[in-house]
Amino acid sequence: MELLSINRSSGGEHRRYRHHSDVLDCDMDFAVYLPPQAENKDVPVLYWLSGLTCTDENFMQKAGAHRRAAELGMAIVCPDTSPRGVNIPGEDDSYDFGSGAGFYVNATEAPWASHYRMYDYVVTELPALIETHFPVTDQRAISGHSMGGHGALVAALRNPGRYTSVSAFAPICHPTACPWGQKAFSGYLGDDSASWEAYDATLLVPTAEERLPLLIDQGTADQFLEEQLHPESLAAACEAVEHPIKLRMRNGYDHSYFFISSFIGEHLDHHAKAIGLI
């Protein structure tokens, strides 16, 4: 790993690294926040998955999460949202497909399948790297925003026992039924919509092997709420099989990091309680 930068923050350290990913067959950047407790013992980790157009830097700089993470003794790991600069034609043509828009799936369609395997990267490869090289335990929580909220929900629902807890801000809850998801899934996974179902939280809930409680915050003034996000579909799927969900509609909040920073402390506390820190 190559250390790109290091900043002191809330008594701990925010670091950025670059490493070669075997899964993605390219170099990838990621950020890690180590709380002050990590100087003396191993700490649990929250994996944060960011949304469309984001890199590892957006959450770390804008969410205001370091102070509460330092108080709790929780590390935060933030990967990038896609491979970068792998020279696939069209990878930089649009904000919602290609660079910055990996959608946390394992692509099966050429030419994307050779690099765009973000599901395996965030679920398996990156945690193995983190747990080998940093003072952390194997207690993992996962959260994210928008496309990243979708990724967090799918990762938790498909991997019983791997995560202590899951939460999301304004997640794409039913991607097979919205323009963002349909564009990404058809490009990465092909035209057979049956293959898309493995990456749709609403469709995964009925057969989930673990009933891990879902915490979701959604702003009522979110410009993408009606067309893209569909939290009501996920809530209905959960109700039908008695899967625990807490969907909080936050009056007047939009899709931005102003929204995330307003409630990130509550999400960190949610994960801390599940891990046993509080």
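Remember, it's a predicted structure, so these values are computed and weren't measured experimentally.

Undergrad: Could you give an account of the overall build of the chain, naming the residues involved and the relevant values?
TA: Scanning the chain from terminus to terminus reveals nine helices and nine strands. A compact globule built from 278 residues would reach a C-alpha radius of gyration of about 19 Å, and the chain, at 17 Å, matches this within 12%. Its C-alpha atoms put the chain at 50 × 45 × 35 Å along the principal axes. Residues classed as buried in the chain amount to 57% of the 278 residues present.

Undergrad: Before we move on, can you summarise the nonpolar core with the specific residues and values?
TA: Trp48, Phe59, Phe103, Ile142, Tyr188 and Leu234 are the most contacted members of the largest nonpolar core, which has 93 residues in total. When residues no more than four places from it in sequence are discounted, the contact partners of Tyr188 are Phe97, Gly98, Ala101, Gly102, Phe103, Val105, Ala107, Thr108, Glu109, Trp112 and Tyr116.

Undergrad: Could you give an account of the sheet that holds strand S6 (residues 136-144), naming the residues involved and the relevant values?
TA: Strand order in the open sheet made by the nine strands is S1-S2-S3-S5-S4-S6-S7-S8-S9, with mixed pairing throughout. In this open sheet, the two edge strands, each paired with only one partner strand, are strand S1 (2-9) and strand S9 (245-250). Between one strand axis and the next, the sheet turns by 20° as a mean value, whatever way the strands run. Here strand S3 (residues 26-34) runs beside strand S5 (residues 75-79); their pairing, made up of four bridges, is antiparallel. In the sheet register, Tyr33 faces S5, and the bridge partner there is Ile76.

Undergrad: Could you give me a rundown of a negative patch on the surface, with the residues and numbers involved?
TA: A cluster of acidic side chains, namely Glu109, Asp191, Asp192 and Glu197, defines a negative patch on the protein surface. Within the secondary structure layout, Glu197 lies in the loop between helix H5 (179-189) and helix H6 (201-204).

Undergrad: Quick one: what's the story with helix H3 (residues 118-133), residue by residue and with numbers?
TA: Along H3, the sharpest change in direction is near 30° and occurs at Leu126; proline Pro127 comes one to four residues later. Looking at the buried residues of H3, the elements they touch are strand S2 (12-21), S3, strand S4 (43-49), S5, S6 and helix H4 (147-158).

Undergrad: Provide a residue-level description of helix H9 (residues 257-275), including the pertinent values.
TA: Relative to the 27 Å expected for 19 residues at 1.5 Å per residue, H9 spans 25 Å between its end C-alpha atoms, a close match to the ideal helical length. In the structure, H9 departs most strongly from a straight axis at Phe263, where the bend amounts to approximately 50°. Of all the residues in H9, the buried ones are Tyr257, Phe259, Ile260, Phe263, Ile264, His267, Leu268, His271, Ala272 and Ile275. At the N-terminal end of H9, a side-chain oxygen is found 3.2 Å from the backbone nitrogen of Phe258, two or three residues along, and the residue is Ser256. Gly276, located one to two residues past H9, shows a positive phi value of around 105°.

Undergrad: Could you give an account of the pattern of salt bridges, with specific residues and numbers?
TA: The final tally for this structure, using the stated rule, is 16 salt bridges. Across the salt bridge formed by Arg8 and Glu13, the nearest N and O atoms sit 3.9 Å from each other. With relative accessibility at 22%, the residue Glu13 sits in the partly exposed group. Among the ionic pairs, Asp29 bridges to Arg18, the shortest N-O distance being 2.6 Å. Placement of Asp29 in strand S3 and of Arg18 in strand S2 is noted, with a sequence separation of 11 residues between them. Its relative accessible area of 15% is what places Asp29 among the buried residues. Overlapping salt bridges, with partners in common, bring together Arg8, Glu13, Arg15 and Glu39 in one network.

Rules and cut-offs
Residues numbered from 1 in each chain as written. Predicted model: local features only at pLDDT ≥ 70, side-chain atom pairs only at ≥ 80, totals over all residues. Heavy atoms only, no water. Helix = DSSP H or I, 4+ residues; strand = E, 2+ residues; numbered from the N terminus. Rg over C-alpha atoms; globule rule 2.2 N^0.38 Å. Buried < 20%, exposed > 50% of the residue type's maximum accessible area, 1.4 Å probe, protein only. Core = buried A, V, L, I, M, F, W, Y, C linked by side-chain atoms within 4.5 Å. Contact = heavy atoms within 4.5 Å. Pairing = 2+ DSSP bridges. Axes fitted to C-alpha atoms, helices over the stretch in contact; angles between N-to-C directions. Patch = residues over 30% accessible without salt bridge, like charges linked within 9 Å, V, L, I, M, F, W, Y side chains within 5 Å. Areas by Shrake-Rupley, 256 points an atom, 1.4 Å probe, with all protein chains shown as cover. Salt bridge = Lys/Arg side-chain N within 4 Å of Asp/Glu carboxyl O. Lys, Arg positive; Asp, Glu negative; His and termini not counted. Charge placed at Lys NZ, Arg CZ, Asp CG, Glu CD. Bend = angle between axes of the 7 residues up to and from the residue. Expected span 1.5 Å × (residues − 1). Polar contact = N/O pair within 3.5 Å; in protein donor to acceptor, adjacent residues only side chain to side chain.

None of this, on its own, says anything about what the molecule does.
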